[in-house]
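The lines below spell out each chain.
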Amino acid sequence: MSSPSSLVRLIARRELVERGRDRSFLVSTVITLLVVVGLAVVPQLVGGGPDRFDVGVTPAAGVDADALRAGGRALDLRVDVRETDPAAAQRQVRDGDLDAALLAPGQVVVDRELDPVLRAVLEQVDGAARGQARLAAAGLDPAAVSTALAVPPLQVQAQEPRSEAATTREGIARVGTFVLYFQLIGYGFWVALGVVEEKSSRVVEVLLATVPARTLLAGKVLGIGLLGLLQLVLIAVVGLVAATASGAVELGASAAYPIALVLGWFVLGFAFYATAMAGMAARVSRQEDLQNVTGPFTLLLVLSFFGSLYATSNPDSLVTRVLSVAPPFSALVNPPRMAIGDAALWEVGLAVLLMLAAVCGLVVVAGRLYEGSVLRTGSKVGLRDAWRAGAR
Amino acid sequence: MLELRGLTKRFGATTALDGLSLTVRPGEVCGFVGQNGAGKTTAMRLVLGVLEPDAGEVCWQGAPVDALVRRRTGYMPEERGLYPKMRVGDQLRYLGRLHGLTGERVSQSTTQLLADLQIQAREGDVLESLSLGNQQRVQLAAALVHDPELLVLDEPFSGLDPVGVEVLAAALRARVDRGVPVLFSSHQLELVERLCDTVAIVRTGRVVAAGTVDELRGGGRARRLRVRVEGGAPRWPSGVRDLGDGLLELADHVDDQAVLDAARLAGPVREFTPVRPTLTDLFREVVAA
């Protein structure tokens, strides 16, 4: 019962249970889930499906309703055509019943402005109608004119066609990296807060009388990390279900890959940042001083996040390639690089190895800082002091 | 038996402990007294391994104290500390498990202690919602929950009302009667005098006086009498020093009955009491010396 691993388990369980039951944790979980569901569903509701326009046509306009509908379809619009007369058209446009009305050849009325895509459709259809009318007026056979003008549409040949799978991967990687960033910054800071909480409430002295400092630190990092991982899995499941239901993505290997990347990199990234922040946090006794000592690592995270944004749009650039394997940037840059870019599998292996090495080094350093400063309440303990005091 | 042997601890240029030695026997309550900064808290932290000594050692049953012994020790630090937002019962069970208790025993021990300390109604409340006095009771419960073999309590009674003191003292007494040695520090000297079997007075990192209160009182100290006589001034036998305000100090050879006779010659005697120094008096003398 007194083995270090059972102590770590006890401590981790306390962190998990006490924090899991915390109101602010529950609230933040609900908010995060809502945001993720929003990200998955809203674009489908708003941007999903073709844009729809109501267009009125007077007999004088001389435009064929079918041609108008077909012109809309060609540009991914749904155009509903209604017969109207000039007076009614003015009113319907003003009331918003119609988005535009063709009154006469070359004449369109709108309330405020004409949507640019709809304008292209109207110009093309109106232009064709007027051209036909002129040719007919010049004595040509309208049927022959139609046939002559009916050319087949442009043939597009994609050299590397963008697959549905790649789109899914990219979408999930974008959202996933975003969530990963907040998860790392939130839970890393939570560990720091927990360390200071134990220090400022002095409970740490009771604990250290029975538990070695590093065991206490390990249990705390593990417990909070596990909670973060569970929350991340919950976010992934709920987000996927929502995105699948709304038709944004299709479940399958292309969805699993970026999710696995994000979950895996949470584990590594959290190990890095949580350990670092715990070591730094042990040096202060008040929450107010926390920002001050954890600042450098928060900055690293923010920089990594900008790196990941850059990587999503430039997944194959040299900067992305370097950042995606260099710890600790790899935590946030590797997932988009692997999911979106043209990356070989060994890259993720190398990134993981380097990050593991960094974490191992950090555990030694941060553990020593923690040990050397966690009992010294009062003013901030200097880095050198903490390092020296942790040497015993 | 707990032995502190020649403990020395320096913090930079300050010497907190300077060869402090002390023994607490089974079933004995040792009061650890001294001015602020004398080294009491540092000594206790060394016993618990929260700090490491620069020299000297702490022994339990003849062998140096190790992690196993420390897990069977109950500790109440000077700076109170428990999780403010954790429920009282959960908190005690958690600390019990950290100290190696398992399964049913944790729950039984927690329930029993909360009842003994008369806070069973607060088991499900978070700590910070309790009054300071009740938080102090929980703190003692945290030191006792794993049924320790040794108790080290830094200022366990500070800030408690008389009822709280009685409840805590009774809980401690029950342990002592089972043979648990207790080392506790306090500034409340009347309390120490009442509860402790032995006292150790510490000054600038050393124990300067130790023993039972009676032993500390005796040991070459001159007897004192308080005498009140109505009327004239008595002629005291030789060897009696009048300290004023009716207080007399008697040299070794002086018979107190001769003093009484001298008093009665001068007039009716209204008071004639041997004066035994209180721990407070002893403390003042030792610390001022």
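## Quick notes on the overall build of chain A
Line of reasoning, step 1. Tallying secondary structure elements over chain A gives 15 helices and four strands in all.
Line of reasoning, step 2. The C-alpha radius of gyration of chain A comes to 31 Å, more than 25% above the 21 Å expected for a compact globule of 392 residues.
Line of reasoning, step 3. Along the longest, intermediate and shortest principal axes, the C-alpha atoms of chain A span 105 × 45 × 35 Å.
Line of reasoning, step 4. Here chain A holds 392 residues, and the buried ones make up 41% of them.
Line of reasoning, step 5. Sequence-distant contacts in chain A: of pairs separated by 6 or more residues, those separated by 24 or more amount to 74%.

## Side note on the overall build of chain B
Line of reasoning, step 1. Looking only at helices and strands, one finds 10 helices and 14 strands in chain B.
Line of reasoning, step 2. Per-residue burial for chain B yields a buried fraction of 41% across its 289 residues.
Line of reasoning, step 3. Pairs at least 24 residues apart make up 69% of the contacts formed inside chain B by residues separated by at least 6 positions.

## Some remarks on the interface of chain B and chain A
By a widely used convention, the size of an interface equals the accessible area lost when the partners come together.
Line of reasoning, step 1. Listed as interface residues are 22 residues of chain B and, on the opposing side, 18 residues of chain A.
Line of reasoning, step 2. Only helix 2 (67-71) and helix 3 (88-98) of chain B provide two or more residues apiece to the side of chain B that touches chain A.
Line of reasoning, step 3. Classifying every residue of the side of chain B that touches chain A gives 11 nonpolar, five polar and six charged.

## A few points about the nonpolar core
Line of reasoning, step 1. Ranked by size, the top nonpolar core spans 154 residues in total, and within it V191, A274, M277, A278 and A281 of chain A together with A141 of chain B carry the most contacts.
Line of reasoning, step 2. The element that contributes the greatest number of residues to this core is helix 10 (residues 253-281) of chain A, accounting for 17 residues.
Line of reasoning, step 3. Leaving out residues up to four positions away in the same chain, A274 of chain A has contacts with Y187, G188, V191, V221, I224 and G225 of chain A.
Line of reasoning, step 4. Residues V57, V63, V93 and L118 of chain A belong to the second largest nonpolar core, which totals 18 residues.

## Describing the sheet that holds strand 1 (residues 51-57) of chain A
The strands that make up a sheet pair up through hydrogen bonds in the backbone, lying either parallel or antiparallel.
Residue and element names in this part refer to chain A.
Line of reasoning, step 1. If you walk across this open sheet you meet the four strands as 2-1-3-4, and the pairing is mixed. Two strands close off the open sheet at either side, each with one partner strand: strand 2 (77-83) and strand 4 (107-109). Here the strands of the sheet are splayed against their neighbours by 30° on average, with no regard to which way each runs.
Line of reasoning, step 2. Where strand 1 lies against strand 2, seven bridges are found, and the strand directions are parallel. In the strand pairing of strand 2, R52 is matched with R78.
Line of reasoning, step 3. Each of strand 1, strand 3 (100-104) and strand 4 touches helix 4 (residues 86-95); the most contacted strand, strand 3, lies at about 160° to it.

## Regarding the sheet that holds strand 5 (residues 63-64) of chain B
Residues and elements named next belong to chain B.
Line of reasoning, step 1. Taking strand neighbours across the sheet as the criterion, the four strands line up as 2-1-4-5 in an open arrangement whose pairing is antiparallel. In the strand order of this sheet, the two ends are held by strand 2 (14-24) and strand 5, each with one partner.
Line of reasoning, step 2. Pairing of strand 4 (residues 55-60) with strand 5, which is carried by two bridges, proceeds in the antiparallel orientation. In the sheet register, C59 faces strand 5, and the bridge partner there is P64.
Line of reasoning, step 3. Across the sheet, helix 1 (residues 40-47) is in contact with strand 1 (2-11), strand 2 and strand 4; its angle to strand 1 comes to roughly 115°.

## Re the confidence of the model for chain B
Fine structural detail should not be taken from predicted coordinates in areas where pLDDT scores are low.
Line of reasoning, step 1. For chain B, per-residue confidence averages 88 on the pLDDT scale, and residues scoring 70 or more make up 99% of the total.
Line of reasoning, step 2. Scored as a complex, the prediction yields pTM 0.76 and ipTM 0.78.

## As for unusual backbone geometry
Line of reasoning, step 1. Each neighbour pair has its own omega, and for P327 of chain A with P328 of chain A the value is -5°, a cis peptide bond.
Line of reasoning, step 2. Relative to the helices and strands, P328 of chain A resides in the loop between helix 12 (318-323) and helix 13 (330-340).

## Some remarks on the packing of helix 1 (residues 4-20) of chain A against helix 9 (residues 213-245) of chain A
All names here are of chain A.
Line of reasoning, step 1. In the contact formed by helix 1 and helix 9, the axes pass within 7 Å of each other and the chain directions differ by 45°. Classified by the interaxial angle, the pair formed by helix 1 and helix 9 is oblique. The handedness of the crossing between helix 1 and helix 9 is right-handed. Between helix 1, through P4, L7, V8, I11, A12, R13, R14, E15, L16, R19 and G20, and helix 9, the contact on the second element is made entirely by T215, L216, A218, G219, K220, L222, G223, I224, L226 and L227.
Line of reasoning, step 2. Its residues assigned to classes, the contact of helix 1 with helix 9 comprises 12 nonpolar, four polar and five charged.

## Topic: the pairing of strand 3 (residues 29-34) of chain B
Residue and element names in this part refer to chain B.
Line of reasoning, step 1. Burial of strand 3 is extensive: six of the six residues sit out of reach of the surface.
Line of reasoning, step 2. Side chains of strand 3 alternate between two faces, with V29, G31 and V33 and C30, F32 and G34 buried alike.
Line of reasoning, step 3. The pairing of strand 3 with strand 8 (residues 182-185) spans four bridges and is classified as parallel. Bridge pairing in strand 8 links G31 to F184.
Line of reasoning, step 4. As paired elements, strand 3 and strand 9 (residues 198-203) share five bridges and run parallel to each other.

## Topic: the environment of T111 of chain B
Residue and element names in this part refer to chain B.
Line of reasoning, step 1. Relative to the assigned elements, T111 resides in helix 4 (residues 103-116).
Line of reasoning, step 2. Note on T111: 15 C-beta atoms within 10 Å, which makes it partly exposed.
Line of reasoning, step 3. In this structure the C-alpha to C-alpha distance between T111 and A209, which are 98 residues apart in sequence, comes to 40 Å.

## With respect to the packing of helix 5 (residues 132-144) of chain B against helix 6 (residues 162-177) of chain B
All names here are of chain B.
Line of reasoning, step 1. Where helix 5 meets helix 6, the closest approach of the two axes is 11 Å, and the angle between their N-to-C directions is 5°. In terms of their interaxial angle, helix 5 and helix 6 are classed as roughly parallel. Contacts from G133, Q136, R137, L140 and L144 of helix 5 reach helix 6 at G164, V167, L168 and A171.
Line of reasoning, step 2. When the residues that make up the contact of helix 5 with helix 6 are grouped by side-chain class, the tally is five nonpolar, three polar and one charged.

## Some words on the environment of L226 of chain A
Residue and element names in this part refer to chain A.
Line of reasoning, step 1. Residue placement: L226 occurs in helix 9.
Line of reasoning, step 2. Distance in space between the C-alpha atoms of L226 and A12 is 8.4 Å, their sequence separation being 214 residues.
Line of reasoning, step 3. Filtering out sequence-adjacent residues up to four positions away, L226 remains in contact with A12 and L16.

## Side note on the pairing of strand 6 (residues 73-76) of chain B
Residues and elements named next belong to chain B.
Line of reasoning, step 1. Side chains of strand 6 alternate between two faces, with T73 and Y75 and G74 and M76 buried alike.
Line of reasoning, step 2. Bridging between strand 6 and strand 7 (residues 150-154) involves four bridges; their strand directions are parallel. Looking across to strand 7, one finds that Y75 is bridged to V152.

## Quick notes on the environment of D342 of chain A
Residues and elements named next belong to chain A.
Line of reasoning, step 1. On the secondary structure map, D342 appears in the loop between helix 13 and helix 14 (345-373).
Line of reasoning, step 2. Residue classification places D342 among the exposed positions, given that 7 C-beta atoms sit within 10 Å.
Line of reasoning, step 3. With 26 residues separating them along the chain, D342 and D316 place their C-alpha atoms 6.4 Å apart.

## Remarks on helix 1 of chain B
In an α-helix, one full turn covers 3.6 residues, which means residues spaced three or four apart are oriented alike.
All names here are of chain B.
Line of reasoning, step 1. Counting buried residues along helix 1, eight of its eight residues qualify, which places the element largely inside the surrounding structure.
Line of reasoning, step 2. Among all positions of helix 1, only K40, T41, T42, A43, M44, R45, L46 and V47 are buried.
Line of reasoning, step 3. With its phi angle positive at about 75°, G49 sits one or two positions after the end of helix 1.

## Details of the confidence of the model for chain A
Line of reasoning, step 1. Looking at chain A, the pLDDT average stands at 85 and 97% of residues meet or exceed 70.
Line of reasoning, step 2. Here helix 6 (residues 142-149) of chain A stands out as the element of chain A with the lowest mean pLDDT, 74, in contrast to helix 11 (residues 290-313) of chain A, whose mean of 92 is the highest.

Rules behind the numbers
Residues numbered from 1 in each chain as written. Chains lettered and ligands numbered in written order. Predicted model: local features only at pLDDT ≥ 70, side-chain atom pairs only at ≥ 80, totals over all residues. Helix = DSSP H or I, 4+ residues; strand = E, 2+ residues; numbered from the N terminus. Rg over C-alpha atoms; globule rule 2.2 N^0.38 Å. Buried ≥ 20, exposed ≤ 12 C-beta atoms within 10 Å, placed from the backbone. Contact = placed C-beta atoms within 7 Å. Nonpolar A, V, L, I, M, F, W, Y, C, P; charged D, E, K, R; others polar. Core = buried A, V, L, I, M, F, W, Y, C linked by C-beta atoms within 7 Å. Pairing = 2+ DSSP bridges. Axes fitted to C-alpha atoms, helices over the stretch in contact; angles between N-to-C directions. pLDDT = per-residue confidence, 0-100. Parallel < 35°, antiparallel > 145°, perpendicular 65-115°, else oblique. Left-handed = near helix turned anticlockwise from the far one by under 90°.

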